[in-house]
Amino acid sequence: MLTHKLNDTESYYKRGIAYYEKREYDKAIADFSEVIKRNPDHADAYYKRGNAYCDEIDYDKAIADYTKAIELRPDYAEAYYKRGRIYAEDDAYDKAIADFSMTTELEPEHANAHGYRADLYRDIGEYGKAIEGYNMEMKLRPGDPTVYYNRGNTYSKKGEYDKAIEDFSKALRLHPEFTEAYTKRAVVYIQIGKFNRAIEDYDKVLKLEPKSIIFYAARGIMSLHIEEWESAKLDLIFARNLRVDIINIFHTVYENVTDFEVKNNVQLPEDIAIMLRRW
C-alpha cells in the first residue's frame, strides 16, 4: 500500500513517517529526501530524516540533519534534544549540555533534557548543577524511581551519604525490585561503616538475582567486618567455587590481609586469611 508513486510533497512526508514507524528506515530516508528535494526549507523532514539516520546509527548524518532543522527553525526544541543525545553518547559534554540547555529553555518542562543534562553534570563533577537538574526532573515526574536513584548516586559522589541513602530508599519504595538501588545503597552503608545494613541489601539483591554470584563474595567480605566467620566462609567458598576471583575483589579494597585487620581492628581466622592472601 505504501509503494505507489506519489505526486505531492506532503504525501512523501506522510509516507516517510509511515515507513519510519514500520522501522523501514531506508525507505523513510528516501521519502524524506524527496521532500527535502522538493522543499529545501522543510524543517520537519530534516528532523525526521535525522531520526531515521540516528536509528541506523549513522550519527554524523543525523547531526547534520538536526543542525539543518535548527537552522531552519531555531526554536526546534526536539532537534536540540536529539542532537544533544548523540553528543552525549560521543562524550562531547559541552555540546550536549548546550543542546539540552536550549531544549529546556524552549521547553521548560522537558523532563528528559533536564535528566540527561543532570547526568552529564554528575559525570564531570558538577554535582550541585546535577542535583538541581534532578530536582527539576523530579518535579516533572515525581513517581519515577530512576530519578531518585540518579540523584542518590550524585549525593554519594558528593559525600552526602545520608541524602544518598534517603534517595536510594525512596527509589526502592517506588520500585521494590530495583536491584541497582540496593547495591548502591549497600556501597554507601559500607562507606559509613554500617556493614549489617549493607549485608541486608546484598541479601535482597541475591534474593532477586540469585545468579549474581559476585554479590556472594561482597556479602562474605562484609561479614568479615562484623566477625560472622561462618557466614563469611560460606559465601566466599561458594563464590570461589563458581570461579569468582574473591582475592582480587578483596584486594580492590584492602592492600592485604594485614591492612584489613589493622583498619578494622579485626583478627581474621587463619583459614579465612589463607583464602584471601596473594601468594
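One can find the structure itself at the top, above this paragraph.
Keep in mind that what you see is a predicted model, and the values were worked out from it rather than measured.

A. Fine view of the overall build of the protein. Helix and strand counts for the protein stand at 17 helices and zero strands. In summary, the protein has a C-alpha radius of gyration of 26 Å against a globular reference of 19 Å for 279 residues, an excess of more than 25%. Across the 279 residues of the protein, 46% fall into the buried class. Considering only contacts in the protein between residues 6 or more positions apart, those separated by 24 or more positions represent 43%. Counting every atom, the protein has about 15,100 Å² of accessible surface; 47% of that belongs to carbon and sulfur.

B. Main features of helix α10 (residues 161–174). The end-to-end C-alpha distance of α10, which contains 14 residues, comes to 20 Å, matching closely the 20 Å that a straight helix rising 1.5 Å per residue would cover. Along α10, the residues that are buried comprise Ala164, Ile165, Asp167, Phe168, Ser169, Ala171 and Leu172.

C. Examining the packing of helix α1 (residues 9–21) against helix α3 (residues 43–55) more closely. Viewed as axis vectors pointing N to C, α1 and α3 meet at an angle of 20°, and their least axial separation amounts to 11 Å. By the criterion of interaxial angle, the relationship of α1 to α3 is roughly parallel. When you trace α1 past α3, the crossing you get is left-handed. Taken together, the residues of α3 that come into contact with α1 (itself represented by Tyr13, Ile17 and Tyr20) are Asp44, Ala45, Lys48, Asn51, Ala52 and Asp55. Broken down by class, the residue content of the contact of α1 with α3 amounts to five nonpolar, one polar and three charged.

D. Seen up close, the pattern of salt bridges. Across all of its chains, the model carries 24 salt bridges by this definition. A salt bridge links aspartate 99 to arginine 83; the nearest nitrogen and oxygen atoms lie 2.7 Å apart. Pair noted here: aspartate 99 is in helix α6 (residues 93–106) and arginine 83 is in helix α5 (residues 77–89), with a separation of 16 residues, a long-range link. Residue lysine 163 pairs with glutamate 160 through a salt bridge whose shortest N-O separation is 3.2 Å. Glutamate 160 gets classed as partly exposed once you look at its relative accessible area, which sits at 23%.

E. Molecular detail of the packing of aromatic side chains. Using the criterion set out here, one finds 14 aromatic pairs in the structure. For the pair tyrosine 149 and phenylalanine 168, a centre-to-centre distance of 5.9 Å together with 55° between the ring planes defines the contact as tilted. With tyrosine 149 in helix α9 (residues 145–158) and phenylalanine 168 in helix α10, the pair connects residues that are 19 residues apart, well separated along the chain. For the pair formed by tyrosine 149 and phenylalanine 168, the shared burial category is buried. Cluster of aromatic residues (ring-pair linked, three or more members): Tyr47, Tyr66 and Tyr76.

F. A look at unusual backbone geometry. Of note, the phi angle at arginine 23 is positive, near 65°, even though the residue is not glycine. Relative to the helices and strands, arginine 23 is located in the loop between α1 and α2 (25–38). Of note in the backbone geometry, arginine 243 takes a positive phi value of approximately 70° without being a glycine. With respect to the secondary-structure elements, arginine 243 resides in the loop between α14 (229–241) and α15 (246–253). Here arginine 243 falls in the exposed class, since its relative accessible area comes to 80%.

G. Looking closely at the side chain of histidine 225. Mapped onto the fold, histidine 225 is located in helix α13 (residues 214–225). A distance of 2.8 Å separates a polar atom in the side chain of histidine 225 from a polar atom in the side chain of tyrosine 254. Not counting chain neighbours up to four residues away, the residues in contact with histidine 225 comprise Phe195, Tyr254, Phe260, Asn264 and Val266.

H. Examining the packing of α13 against α15 more closely. Direction vectors running N to C along α13 and α15 enclose 55°, while the axes themselves pass 10 Å from each other. When the axes of α13 and α15 are compared, the pair comes out oblique. For the element pair α13 and α15, the recorded crossing hand is right-handed. For the pair α13 and α15, the contacting residues are Ile214, Ala217, Ile221 and Leu224 in the first and Ile246, Ile249 and Phe250 in the second. For the contact of α13 with α15, the per-class residue count stands at seven nonpolar, no polar and no charged.

Thresholds, definitions, all that
Residues numbered from 1 in each chain as written. Predicted model: local features only at pLDDT ≥ 70, side-chain atom pairs only at ≥ 80, totals over all residues. Heavy atoms only, no water. Helix = DSSP H or I, 4+ residues; strand = E, 2+ residues; numbered from the N terminus. Rg over C-alpha atoms; globule rule 2.2 N^0.38 Å. Buried < 20%, exposed > 50% of the residue type's maximum accessible area, 1.4 Å probe, protein only. Contact = heavy atoms within 4.5 Å. Areas by Shrake-Rupley, 256 points an atom, 1.4 Å probe, with all protein chains shown as cover. Expected span 1.5 Å × (residues − 1). Axes fitted to C-alpha atoms, helices over the stretch in contact; angles between N-to-C directions. Parallel < 35°, antiparallel > 145°, perpendicular 65-115°, else oblique. Left-handed = near helix turned anticlockwise from the far one by under 90°. Nonpolar A, V, L, I, M, F, W, Y, C, P; charged D, E, K, R; others polar. Salt bridge = Lys/Arg side-chain N within 4 Å of Asp/Glu carboxyl O. Phe/Tyr/Trp six-rings, centres within 6.5 Å; stacked < 30°, edge-to-face > 60°. Polar contact = N/O pair within 3.5 Å; in protein donor to acceptor, adjacent residues only side chain to side chain.

Nothing here speaks to function; it is all geometry.
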